[in-house]
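Structural overview
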Amino acid sequence: MRSFQPFPRRELKRLRRRWLRRNLGIVAFLLAGFVLAAALISVPLATSDLPVRWYVIGLLHAGLVAAALHLVNSAFMAHEAAAIWQLRGAWGEDNTRSELQKAKRRRLVWGWVDSITLQGGDLDHVVVTRSGGIVVLDSKWRSSIDANAVAEMTASAKKAAIRAQGLARSMLKAERGAKHRARAQPVTVDAAVVLWGAARELVNDGREMDGVQFVDGRKLVDWLRQLEGPPVPPDAARELLEQLSAYRATAFKAAELRAAERA
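What you are looking at is a predicted structure, and each value in this text was computed from that prediction instead of being measured.

Cut-offs and rules
- Note on numbering: residues in each chain are counted from 1, in written sequence order.
- Confidence filtering applies because this is a predicted model: local features only for residues at pLDDT of at least 70, side-chain atom pairs given and counted only at 80 or more, and all residues used for totals across whole chains, interfaces and linings.
- Computation of side-chain values: all heavy atoms of the structure, hydrogens and water removed.
- For this analysis, a nonpolar core means a set of buried residues of the types Ala, Val, Leu, Ile, Met, Phe, Trp, Tyr and Cys, connected via side-chain atoms within 4.5 Å.
- Between buried and exposed lies partly exposed: a residue is buried under 20% and exposed over 50% of the maximum accessible area for its type, with that area taken using a 1.4 Å probe on protein chains only.
- What counts as a helix is a DSSP run of H or I of at least four residues, what counts as a strand is a run of E of at least two, and both are numbered from the N terminus.
- Any carboxyl oxygen of Asp or Glu that lies within 4 Å of a side-chain nitrogen of Lys or Arg is treated as forming a salt bridge with it.
- Paired strands are those between which DSSP finds at least two bridges.

This part covers the nonpolar core. Core analysis: the largest hydrophobic core is formed by 31 residues, its most contacted members being Ile116, Leu123 and Phe214. At the level of elements, strand 1 (109-118), strand 2 (121-129), strand 3 (134-141), helix 5 (147-173), strand 4 (189-196), strand 6 (212-216) and helix 8 (234-262) are the ones that each hand at least two residues to this core. Top contributing element to this core by residue count: helix 5, with 9 residues.

Printed below as a string of structure tokens:
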């Protein structure tokens, strides 16, 4: 199955490639220095009588490679202002996926689809719950939040919910003629912002802004457990998840083609 990386990780890769192209000479000089250091260390060891010399040489080489990669990555993070934001975004989405895996094991959700690319922006996680309809989760990693940040995250989450609602309706529309669909209740779509980082402690007791829930990431499973609504039948959930996955694959391919045309 093809792996779809979330937008922050894709953007982080793009920023890293751009930074490496701009600083290719410096990076090459740095790596040449590490190669020279490895050679200067390896030659005396290789000609010594040390019984474990090859093990020591391998260990030193691994250490030098790790140090070189760490130094390059640290330089990239220090000089590319947007990189740390994308890295935090990737951490947030990874953590949310871990919590969703717990929720699935506890039979709270049927499943979810990550990183659905739309022209208006990505949907981080579209979750099909067992008794709460569809929930669109927007993962955020924040050290602190203020009124402006709350307003911005609320607007972003509401837009994501509207996009997901339109997407779900278009997918279910073709099946309305089926008897089990005719008897099914409409699928509801709610939005929530899942906070990670130090800011998550600010929503310990829950917070709602203009219909958008703000959830402490560590309490996401508990929040999903308290959702109320009509049960989502397993066949409907399976069909919707399959269609969302298929749509994601198509949309992702189209986005890659557009990016290649701009490059």
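Moving on from the coordinates now.
The next subject is the pattern of salt bridges. Scanning the entire structure with this criterion turns up 10 salt bridges. Between Lys102 and Glu99 there is a salt bridge, and its shortest N-O distance comes to 3.2 Å. Placement of the pair is Lys102 and Glu99 together in helix 4 (residues 83-105), with a separation of 3 residues, close to one helical turn. Where Arg225 meets Asp222, a salt bridge forms, and the shortest distance between an N and an O atom there is 2.9 Å. Placement of both Arg225 and Asp222 in helix 7 (residues 220-225) is noted, with a separation of 3 residues, approximately one turn of the helix. When its relative accessible area of 44% is taken as the criterion, Asp222 is described as partly exposed.

Counting buried positions over the 8 residues of strand 4 gives 7, a clear majority of the element. Taken together, the 8 bridges between strand 3 and strand 4 define a ladder with parallel strand orientation. Pairing of Ile134 across the sheet is with Val189, part of strand 4. Relative to strand 6, strand 4 runs parallel, the two being bridged by 4 bridges. Among the inter-strand pairings, Val194 is bridged to a residue of strand 6, identified as Val215.

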